[in-house]
Amino acid sequence: MPRRSIGSMVGALVLAAGAAASAQPVYTGLPAPLQRVAFEQRLGESVDLSLPFVDERGQSVELGELVVEKPVVLALVYYDCPMLCSMTLNGLVSSLKALELSVGREFDVLAVSFDPRETPALAAAVEARAVESYHREGSEPGWHFLTGSQESIDALTDAVGFEYTWDDEREEFAHA
């Protein structure tokens, strides 16, 4: 299985609402689902690039097909998120628009849903909004929006230290 250092794979790591980095997922005074939410930076560790996902066109891909020579901005979100994920993706696009560097030329963006129920059609719709908002000619090939199985999602989120949980009461994911 090909593996690559997270430090070399990811030029910038964007996860949900930001990088509230804490190695301890135990917080006091928070509702139970939020006590299981954390982001532990694991720079220098490896991500299995043979992990299978499905891209926004419905094609099966391995991470290694998308993480080739350029740095990658990784956004772990779920596309049907009622709150933070849309704000995160919109903020990501706004931040990238301010750069002289361009998606597709100097780096790529890889958005991966951590909800295994989401579909390539939904990923394609979210990608279309991001590319339209970014509004930079020639950037389209640098945007990748993936869905996948719970097994692949777990392997990726574990590798990068992203902990999230399903909140039965609210019927949504609790995440950073």
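Keep in mind it's a predicted model, so treat the numbers as computed, not measured.

Here the focus is the side chain of Glu118. Locating Glu118 in the fold gives a position in the loop between strand E8 (108–113) and helix H5 (120–134). Despite its burial, Glu118 remains without a salt bridge, the nearest opposite charge being carried by Arg117 at 6.7 Å. For Glu118, the side chain forms a polar contact with the main-chain nitrogen of Tyr79, separated by 2.8 Å. For Glu118, the side chain forms a polar contact with the side chain of Ser113, separated by 2.4 Å. Apart from the residues within four sequence positions on either side, Glu118 is in contact with Tyr78, Tyr79, Asp80, Ser113 and Thr147.

With that out of the way, let us pick up the side chain of Glu56. Residue position: Glu56 is located in the loop between strand E5 (52–54) and strand E6 (60–62). Looking at Glu56, its side chain comes within polar contact range of the side chain of Arg57, at 3.5 Å. Within the structure, the side chain of Glu56 is placed 2.9 Å from the backbone nitrogen of Phe145, a separation counted as a polar contact.

With that out of the way, let us pick up the packing of aromatic side chains. Under the counting rule described, the total for this entry stands at four aromatic pairs. With a centroid separation of 5.3 Å and 70° between ring planes, the pair formed by Tyr134 and Trp143 is classed as edge-to-face. The pair formed by Tyr134 and Trp143 is uniform in burial state, with each residue classed as buried. By the ring-pair criterion, three or more aromatic residues cluster together here, those being Tyr79, Tyr134, Trp143 and Phe145.

As a rule of thumb, soluble globular proteins bury nonpolar side chains together. Core analysis: the largest hydrophobic core is formed by 23 residues, its most contacted members being Phe53, Leu63, Leu76, Leu110, Val112, Leu146 and Leu156. Here the element with the most residues in this core is helix H6 (residues 150–160); it accounts for four residues. Counting residues in hydrophobic clusters, the runner-up holds 19 residues, among them Ala75, Tyr79, Ala111 and Ala130.

Moving on: the layout of surface pockets. Once rolled over the atoms, a probe with the size of a water molecule shows which space is left empty. Each pocket or cavity is described by its volume, and for the second largest pocket that value is around 170 Å³. In terms of lining residues, the second largest pocket is bounded by 13 residues, among which Ser86, Leu89, Asn90, Val126 and Arg129 are the most central. Mapped onto the lining of the second largest pocket, the elements with two or more residues apiece are helix H4 (84–97) and H5. Top contributing element to the lining of the second largest pocket by residue count: H4, with five residues. When its residues are assigned to classes, the lining of the second largest pocket shows nine nonpolar, three polar and one charged.

Reading the values: the criteria
- Residues numbered from 1 in each chain as written.
- Predicted model: local features only at pLDDT ≥ 70, side-chain atom pairs only at ≥ 80, totals over all residues.
- Heavy atoms only, no water.
- Helix = DSSP H or I, 4+ residues; strand = E, 2+ residues; numbered from the N terminus.
- Buried < 20%, exposed > 50% of the residue type's maximum accessible area, 1.4 Å probe, protein only.
- Lys, Arg positive; Asp, Glu negative; His and termini not counted.
- Salt bridge = Lys/Arg side-chain N within 4 Å of Asp/Glu carboxyl O.
- Polar contact = N/O pair within 3.5 Å; in protein donor to acceptor, adjacent residues only side chain to side chain.
- Contact = heavy atoms within 4.5 Å.
- Phe/Tyr/Trp six-rings, centres within 6.5 Å; stacked < 30°, edge-to-face > 60°.
- Core = buried A, V, L, I, M, F, W, Y, C linked by side-chain atoms within 4.5 Å.
- 1 Å grid on protein atoms, 1.4 Å probe; cavity = no way out; pocket = protein on both sides within 12 Å on 5 of 7 lines; lining within 4 Å.
- Points joined across faces, edges and corners; volume = space filled by probe spheres on them.
- Nonpolar A, V, L, I, M, F, W, Y, C, P; charged D, E, K, R; others polar.

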